[in-house]
Amino acid sequence: MSNFPSQTLECIFNKYPPPKNPSFSYGTAGFRMNASKLDSVMFSVACIAIVRSLSCLNDSNEPQTIGIMITASHNPPEDNGVKIVDPFGDMLPQNWEPLATQLSNCSSYKDFESIIKPLWIKYSSNTLNKPASLVIARDTRESGPKLLNICIDLFDSLTNKYITYKNFNELTTPELHYITRSFNDSSFGIPTELGYYNKLSNSLLEILKLNNININSLINTTVDAANGVGADKLISFLKTSPSLKSKFQLVNSNTNDPLALNVKCGADFVKTNQKLPNGIDSKIASNENTLCASFDGDADRLVCYFFDKLNNKFILLDGDKIAILLSRLISFLISKLPSNNLKIGIIQTAYANGASTNYIINDLKLPSICAKTGVKHLHHEALKFDIGIYFEANGHGTVLFSDKFSIELKKFENDYSSAKTLLLLKDLINQTVGDALSDLLAVIVSLSILNIDANEWSNTYHDLPNKLAKVVVKDRNMFVTTDAERKLVEPPIQKFIDELVVNTTFGRSFVRPSGTEDAVRVYAEAATAEECQKLSDEVVKLVENYS
Ligand SMILES: CC(=O)N[C@H]1[C@@H](OP(=O)(O)O)O[C@H](CO)[C@@H](O)[C@@H]1O
Ligand SMILES: [Mg+2]
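All figures in this text were calculated on a predicted structure; none of them were measured in a lab.

Definitions and cut-offs
- Throughout, residues of each chain are indexed from 1 in the direction in which the sequence is written.
- Ligands are numbered from 1 and chains lettered from A, in the order in which they are written.
- Predicted model: local features are reported for residues with pLDDT of at least 70 only, side-chain atom pairs are reported and counted for 80 or more only, and whole-chain, interface and lining totals are derived from all residues.
- Working from all heavy atoms in the structure, the side-chain values ignore hydrogens and water.
- Counting from the N terminus, the helices are DSSP H or I runs at least four residues long and the strands are E runs at least two residues long.
- Exposure is judged per residue with a 1.4 Å probe applied to protein chains only, and the accessible area is read against the type maximum: over 50% gives exposed, under 20% gives buried, and values in between give partly exposed.
- The contact rule is simple, with two residues in contact once any of their heavy atoms fall within 4.5 Å.
- By convention in these notes, a residue is near a molecule or strand provided one of its non-hydrogen atoms lies within 4 Å of it.
- Here a polar contact means two N or O atoms within 3.5 Å. Within protein one must be a hydrogen donor candidate and the other an acceptor candidate, and residues neighboring in sequence count only if both atoms are side-chain atoms.
- Note on residue categories: nonpolar means Ala, Val, Leu, Ile, Met, Phe, Trp, Tyr, Cys or Pro, charged means Asp, Glu, Lys or Arg, and polar means any other residue, Gly included.
- The source of the domain bounds is an automatic or database domain assignment.
- Donor criterion used throughout: N, O or S atom within 2.8 Å of the metal, extended to 3.2 Å for Na, K and Ca. Water excluded; incomplete-looking sites may result.
- Within this scheme, the nonpolar core is defined by two criteria: the residues are buried Ala, Val, Leu, Ile, Met, Phe, Trp, Tyr or Cys, and they are joined through side-chain atoms within 4.5 Å.
- UniProt positions are given in the numbering used here, feature names are shortened, and annotations may be inferred rather than shown by experiment.
- Pairing between two strands is assigned when DSSP locates at least 2 bridges connecting them.
- Note on geometry: axes are C-alpha line fits, over the in-contact stretch for helices, and angles between N-to-C directions span 0 to 180 degrees.
- By definition, a salt bridge exists where a carboxyl oxygen of Asp or Glu is found within 4 Å of a side-chain nitrogen of Lys or Arg.
- Here is the rule for handedness: rotate from the far helix to the near one, and if that takes an anticlockwise turn smaller than a right angle the crossing is left-handed, while a clockwise turn gives right-handed.
- Planes of paired rings set the category: under 30 degrees apart is stacked, over 60 is edge-to-face and the rest tilted, where pairs are Phe, Tyr or Trp rings (Trp by its six-membered ring) whose centres lie within 6.5 Å.
- The quantity called pLDDT is the predictor's confidence in a given residue, expressed from 0 to 100.

Student: Please provide a residue-by-residue account of the environment of Leu-218, values included.
Tutor: Mapped onto the secondary structure, Leu-218 falls in the loop between α7 (193-210) and β6 (220-224). A residue is classified by how much of its surface remains accessible, and Leu-218, at 3% relative accessible area, is buried. Apart from the residues within four sequence positions on either side, Leu-218 is in contact with Leu-208, Ile-213, Leu-244, Lys-247, Asn-289, Ile-444 and Ser-448.

This is the structure in structure tokens:
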């Protein structure tokens, strides 16, 4: 395939022309904005995905499969977005992001071709004339089908001389990551939705059996699916594992009303507002032996919670608490083995509550790493461990297990059920990306094996009062950070922040520009809610000088 399909690309480019002065940027979460502006971006992303596939060859010099996911996660219903998934199921490498930005900002086909053509020709010459390979899916947003069809229009016009693809229509983001990886690595799984469900349920049921746990004794879970794709997929999953069905209640599952997505519900709403979502009242949330859980719009984030009737209080079990619970389970299982030399680490961001970091260091005695915001940064750090547990406080995260982990534990699997359980956790917990369904199953299993309830889980440590504020400034790009975003280099206000922090009991505060919104975020935490509010207000004031 040495020839470049110039005519076809030009024809489709002109069908979906970019705006006059485009200023798109491939950021933390790919491209994300009001759906009406995304047509030309979809075309660019489809082209980059083709070139990326041509550039990633397998051992037989064939292009590997690349994923395209159309979603805007927890954003409001009128938004949409798109991101590219690499062959291993991880995110597009950062050094490809500028190319995505550059291509999406070409306002003429001539400019577009001048960038893409040399890359297309360079990479396709290595592939022995094999076509690029792509998989594509979307969440349930109303704009999803139209945006997906722009990619399909391009793929069909190019014909299978240039590209083979499979359209999965509706999937959760983590399903698409799983499927992309499975296309490239058959040992990872069967590249279908059913393959994904079976991998989850088989590992779950086997873990329960190994640990003599009866399904009926598992905690009951009420899932708020944010009226998003996670609702349909949880239903499909339970159809394939009928024995689990009675343990799950589903609310906010209305995917027929496009305007209901993420509205007053879902993981982001619950975490940000620290309160129950619509559809779950305090009576349901205070039921004994019940855990509530919220997914976000594309089901890659999970937060859990319940209502403490005695103290009339909403109790959030966020990403930090989930990371700690999974670490406790893993440490417990490892402690049953005669020996091991596995490196375990927990990766958080600066937004992790200080109390959780103290617990990791002082009680779990595990290394605690602070990565920059954005899961790709956490994922990258987690890969440095044999067991890398990473979670953002907002509930996006997973546990990555290395090849060495599998080799080491296989030595014990016949004699120690804990070794077998650990090996099965590698199947249960999505190895490509944070996954609300898979993480929820891991939480349920953890509570059961550790024999604790949600209340005991919440008492592992107590969050320091914290506050996340947002300040709109003239130019957020003038805010430059260092030390995993915990210190400002520019503008020169760090010494003032430091002074405020020193004078606050257990104080901590940092300022960083958002990667997804045109604003600067201010985080503060302190020993009491009053001190926290004061610290937050004072740091916000410093930042407001740049508004
Ligand atoms: C404080 C916070 O929650 N920030 C979020 C948010 O990033 P910002 O760069 O802070 O806008 O969106 C990211 C993508 O979804 C997510 O990874 C991250 O955790
Ligand atoms: Mg999401």
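Student: Tell me about the site of ligand 1, residues and numbers included.
Tutor: Near ligand 1 you find His-74, Arg-301, Tyr-351, Thr-373, Gly-374, Glu-392, Asn-394, Arg-512, Ser-514, Gly-515, Thr-516 and Arg-521, and these make up its full shell. A distance of 2.8 Å is found between an oxygen atom of ligand 1 and a side-chain nitrogen or oxygen belonging to Arg-512. Gly-515 places a polar main-chain atom, nitrogen or oxygen, 2.7 Å from an oxygen atom of ligand 1. Broken down by class, the residue content of the shell around ligand 1 amounts to one nonpolar, seven polar and four charged. Taken domain by domain, the makeup of the shell around ligand 1 includes at least three residues from each of domain 3 (319-435 + 445-458) and domain 4 (466-544).

Student: Lay out the coordination of the magnesium ion (ligand 2) with the relevant residues and their values.
Tutor: Around the magnesium ion (ligand 2), the protein supplies Ser-73 (OG), Asp-296 (OD), Asp-298 (OD) and Asp-300 (OD) as donor atoms, at distances of 2.0 to 2.2 Å. Read in sequence order, the donor residues for the magnesium ion (ligand 2) give the motif S-x222-D-x1-D-x1-D. Here the residue Ser-73 occupies a position in the loop between β2 (65-70) and β3 (79-85), and Asp-296 occupies one in the loop between β8 (290-295) and β9 (302-308), the gap between them amounting to 223 residues. Neither residue differs from the other here; Ser-73 and Asp-296 are each classed as buried.

Student: How would you explain the nonpolar core if you had to name every residue and give the values?
Tutor: In this structure, Ile-330, Ile-387, Leu-425 and Trp-457 are the most contacted members of the largest nonpolar core, which totals 84 residues. In terms of residues, this core owes the most to one element, helix α16 (residues 436-450), which gives 11 residues. Those residues in contact with Ile-330 that lie beyond four places of it in its chain are Ile-344, Ile-387, Ile-389, Val-399, Phe-401, Leu-422 and Leu-425. Among the nonpolar cores identified, the runner-up in size contains 51 residues, and Tyr-26, Ile-50, Ile-116 and Ile-152 belong to it.

Student: Account for the UniProt feature "binding site: substrate" (unreviewed entry) in the protein, with residues named and values stated.
Tutor: When the UniProt feature table is mapped to this numbering, "binding site: substrate" (unreviewed entry) covers Glu-392, Ala-393, Asn-394, Arg-512, Pro-513, Ser-514, Gly-515, Thr-516 and Arg-521. Residue placement: Glu-392 occurs in the loop between β13 (387-391) and β14 (397-401). The class for Glu-392 is buried, based on a relative accessible area of 9%. Leave out the neighbours within four places in its chain, and Glu-392 touches Gly-319, Asp-320, Thr-349, Thr-373, Gly-374, Val-375 and Leu-378. Examined against the element boundaries, Ala-393 turns out to sit in the loop between β13 and β14.

Student: Before we move on, can you summarise the sheet that holds strand β4 (residues 132-138) with the specific residues and values?
Tutor: On the basis of which strands lie adjacent, the open sheet formed by five strands has the order β1-β3-β2-β4-β5 and mixed pairing. Pairing within the sheet leaves two strands with one partner each, and these edge strands are β1 (31-34) and β5 (163-170). Recorded for the sheet is a direction-independent mean angle of 15° between the axes of neighbouring strands.

Student: So, the pattern of salt bridges: which residues are in play, and what are the values?
Tutor: In total, this model carries 23 salt bridges according to the counting rule given. Here Lys-384 ties to Glu-381 by a salt bridge, and the two come within 3.1 Å at their closest N and O atoms. With a relative accessible area of 46%, Lys-384 lands in the partly exposed category. Judged by relative accessible area, Glu-381 falls into the partly exposed class, the value being 21%. Each of Lys-470, Glu-517 and Arg-521 takes part in salt bridges that share partners, so that together they form one network.

Student: If you had to explain the packing of α7 against helix α8 (residues 229-240) to someone new, which residues and values would you point to?
Tutor: Where α7 meets α8, the closest approach of the two axes is 10 Å, and the angle between their N-to-C directions is 65°. Classified by chirality, the crossing of α8 by α7 is right-handed. Note on element contacts: α8 touches α7 through Lys-233, Ser-236, Phe-237 and Thr-240, opposite Glu-193, Leu-194, Tyr-197, Asn-198, Leu-200 and Ser-201. Taken together, the residues that form the contact of α7 with α8 break down as four nonpolar, four polar and two charged.

Student: Which residues make up the packing of aromatic side chains, and what values go with them?
Tutor: As enumerated under the stated definition, the model contains 23 aromatic pairs in all. Where Phe-13 meets Phe-112, the ring centres are 5.5 Å apart and the plane angle is 50°; that geometry is what we call tilted. Of this pair, Phe-13 sits in helix α1 (residues 6-15) while Phe-112 sits in helix α4 (residues 109-124), and the two are 99 residues apart along the sequence. The residues Phe-13 and Phe-112 share a single accessibility class, namely buried. With 5.9 Å between their ring centres and 35° between their planes, Tyr-359 and Tyr-461 make a pair best called tilted. On the criterion of sequence distance, the pair formed by Tyr-359 in helix α12 (residues 354-363) and Tyr-461 in the loop between α17 (454-458) and β15 (466-471) is long-range, its members being 102 residues apart. Accessibility assignment for this pair places Tyr-359 and Tyr-461 in one class, buried.

Student: Tell me about the confidence of the model for the protein, residues and numbers included.
Tutor: Mean pLDDT over the protein stands at 96; residues scoring 70 or higher make up 100%. Prediction confidence for the complex, expressed as pTM and ipTM, is 0.97 and 0.98 respectively.

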